[in-house]
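Overview (structure and organization)
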Amino acid sequence: SGLTPAQMSDPDAFLRDGRDGTQVELPSRIASVEHPPAVASLLIWGGGDFMKTLKAAVLLGRDCETVAAIACGMIGALKGDRVIPAALKLSLIHI
């Protein structure tokens, strides 16, 4: 399960032991179940607008970089890179 015996015996231990209680070297199955509904909600709320979706995803908090990457990646896959503002693309060249 990725949880330590102490975490399994204490249901609230995962709240004290880190972001979601999983060991660092193991994938998080606790936080990842939140991603699909968050992404779907952002895509609906953003209505296909890349920046509106990106801003909402970041403001959502928690695992916001993953949710933003998935939601905005899906918009980009469906609509192409023309939906990404030119200034944002130019800023990425310097990273």
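Residues numbered from 1 in each chain as written. Predicted model: local features only at pLDDT ≥ 70, side-chain atom pairs only at ≥ 80, totals over all residues. Heavy atoms only, no water.

1. Overview of the overall build of the chain
Of regular secondary structure, the chain possesses 7 helices and 0 strands. Each helix (α) and strand (β) of the chain, taken in turn from the N terminus, gives the series α-α-α-α-α-α-α. In the chain, which comprises 95 residues, the share counted as buried stands at 26%. In the chain, the share of contacts with a sequence separation of at least 24, taken over all contacts with a separation of at least 6, comes to 39%. (Helix = DSSP H or I, 4+ residues; strand = E, 2+ residues; numbered from the N terminus. Buried < 20%, exposed > 50% of the residue type's maximum accessible area, 1.4 Å probe, protein only. Contact = heavy atoms within 4.5 Å.)

2. Remarks on the nonpolar core
Among the nonpolar cores identified, the biggest contains 8 residues, and these are A38, V39, L42, A56, A57, V67, A68 and A71. Taken together, the elements giving at least two residues each to this core come down to α4 (35–46), α5 (50–60) and α6 (64–79). Excluding residues that lie within four positions of it along the chain, A38 makes contacts with L60 and V67. (Core = buried A, V, L, I, M, F, W, Y, C linked by side-chain atoms within 4.5 Å.)

3. A few points about α6
When the terminal C-alpha atoms of α6 are compared, their 22 Å separation across 16 residues agrees well with the 22 Å that a helix rising 1.5 Å per residue should span. Within α6 the residues assigned to the buried category are C64, V67, A68, A71, C72 and I75. An end-on view of α6 places all buried positions within 110 degrees of arc, on one side of the element. With respect to the buried face of α6, the exposed residues turned more than 90 degrees away are E65, A69 and A77. If you follow the buried residues of α6, they end up packed against α4 and α5. Backbone geometry just after α6 places G80 at a positive phi near 85 degrees. (Expected span 1.5 Å × (residues − 1). Arc of directions from axis to C-beta.)

4. Here's the deal with the pattern of salt bridges
As enumerated under the stated definition, the model contains 1 salt bridge in all. With its nearest N and O atoms 3.7 Å apart, the salt bridge here joins K89 to D81. When its relative accessible area of 31% is taken as the criterion, K89 is described as partly exposed. (Salt bridge = Lys/Arg side-chain N within 4 Å of Asp/Glu carboxyl O.)

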